[in-house]
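# Results of the structural survey
Now for the letters of each chain:
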Amino acid sequence: QRLDISPSKGIGQTWILEPIMPSTISKDQKSMYKKIGIATVALSVAMPYAIMGIISSMGFTAGGISAGSIAAGMMSAEAIASGGGVAAGGTVAVLQSIGASGLGAAGFAGAMGAGGVIGASGGRLATAVMGKSEEQKNEGTSSSNTNMAYCNWRHWE
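Residues numbered from 1 in each chain as written. Predicted model: local features only at pLDDT ≥ 70, side-chain atom pairs only at ≥ 80, totals over all residues. Heavy atoms only, no water.

Here Glu78 is to be found in helix H2 (residues 70–81). Residues in contact with Glu78, not counting those within four places in the same chain, are Gly85, Val86, Ala87, Gly90, Thr91 and Val92. (Helix = DSSP H or I, 4+ residues; strand = E, 2+ residues; numbered from the N terminus. Contact = heavy atoms within 4.5 Å.)

Before going further, it helps to spend a moment on the confidence of the model for the protein chain. Per-residue confidence for the protein chain gives a mean pLDDT of 76, with 68% of residues at or over 70. Here strand E1 (residues 2–5) stands out as the element of the protein chain with the lowest mean pLDDT, 52, in contrast to H2, whose mean of 89 is the highest. Confidence drops under pLDDT 50 across residues 139–145; counting only partners more than four residues distant or on other chains, this segment forms one contact. (pLDDT = per-residue confidence, 0-100.)

Along the chain, Gln96 turns up in helix H3 (residues 91–101). Apart from the residues within four sequence positions on either side, Gln96 is in contact with Phe60, Thr61, Gly64 and Ile65.

What follows is about the nonpolar core. Ile55, Met58, Phe60, Ala71, Val92, Leu95 and Ile98 together form the largest nonpolar core, which totals seven residues. Looking at which element gives the most residues to this core, the answer is H3, with three residues. With sequence-adjacent residues up to four places away left out, Ile55 is seen in contact with Phe60, Leu95, Ile98 and Gly99. (Core = buried A, V, L, I, M, F, W, Y, C linked by side-chain atoms within 4.5 Å. Buried < 20%, exposed > 50% of the residue type's maximum accessible area, 1.4 Å probe, protein only.)

Bringing helix H1 (residues 27–57) into the picture now. When the terminal C-alpha atoms of H1 are compared, their 43 Å separation across 31 residues agrees well with the 45 Å that a helix rising 1.5 Å per residue should span. At Ala46, H1 is deflected by roughly 40°, the largest bend along its length, and proline Pro48 occurs up to four residues later in sequence. Residues of H1 that are buried: Gln29, Met32, Ile36, Ser44, Met47, Pro48 and Ile55. A positive backbone phi angle near 115° is found at Gly59, which sits one or two residues after H1. (Expected span 1.5 Å × (residues − 1). Bend = angle between axes of the 7 residues up to and from the residue.)

Following the criterion strictly, the structure yields one aromatic pair and no others. Relative to Phe108, the ring of Tyr49 has its centre 5.7 Å away and its plane inclined at 85°; by these criteria the two rings are edge-to-face. Of this pair, Tyr49 sits in helix H1 while Phe108 sits in helix H4 (residues 104–137), placing them 59 residues apart in sequence. For Tyr49, a relative accessible area of 55% puts it in the exposed group. According to the relative accessible area criterion, Phe108 is partly exposed, its value standing at 31%. (Phe/Tyr/Trp six-rings, centres within 6.5 Å; stacked < 30°, edge-to-face > 60°.)

Now the structure itself:
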């Protein structure tokens, strides 16, 4: 990509977006990317089921709100706060709807997306934290930097 900025006086600047890829990817880097991919896929698949499990364990079930559960306490607090009823579209109503009928397509897709983001971020964070001690041991011996940007703007006059 080339971007030319030419003022009317004929003096111009050229900015070029250049790819900066590592010349080689080491075996450790391949392993890191593989682990991040596995974490991303695993959490994308597991997140909707984890959310349903958490909502169900709170007491929001297909048969209604379980007596003596967290859900019953939430319903009681909301009823007291609103003067005796539970508001349609409120937190308790939405959680009960999810507990009774599931997340739905949009909720399922949203949960999968959130799981993917958490998996990728957590995987990268974990490999960065675990890789720091390795980098400190090999400081100055490695020519590649796994944390560098993959593109850069270069200015030419």
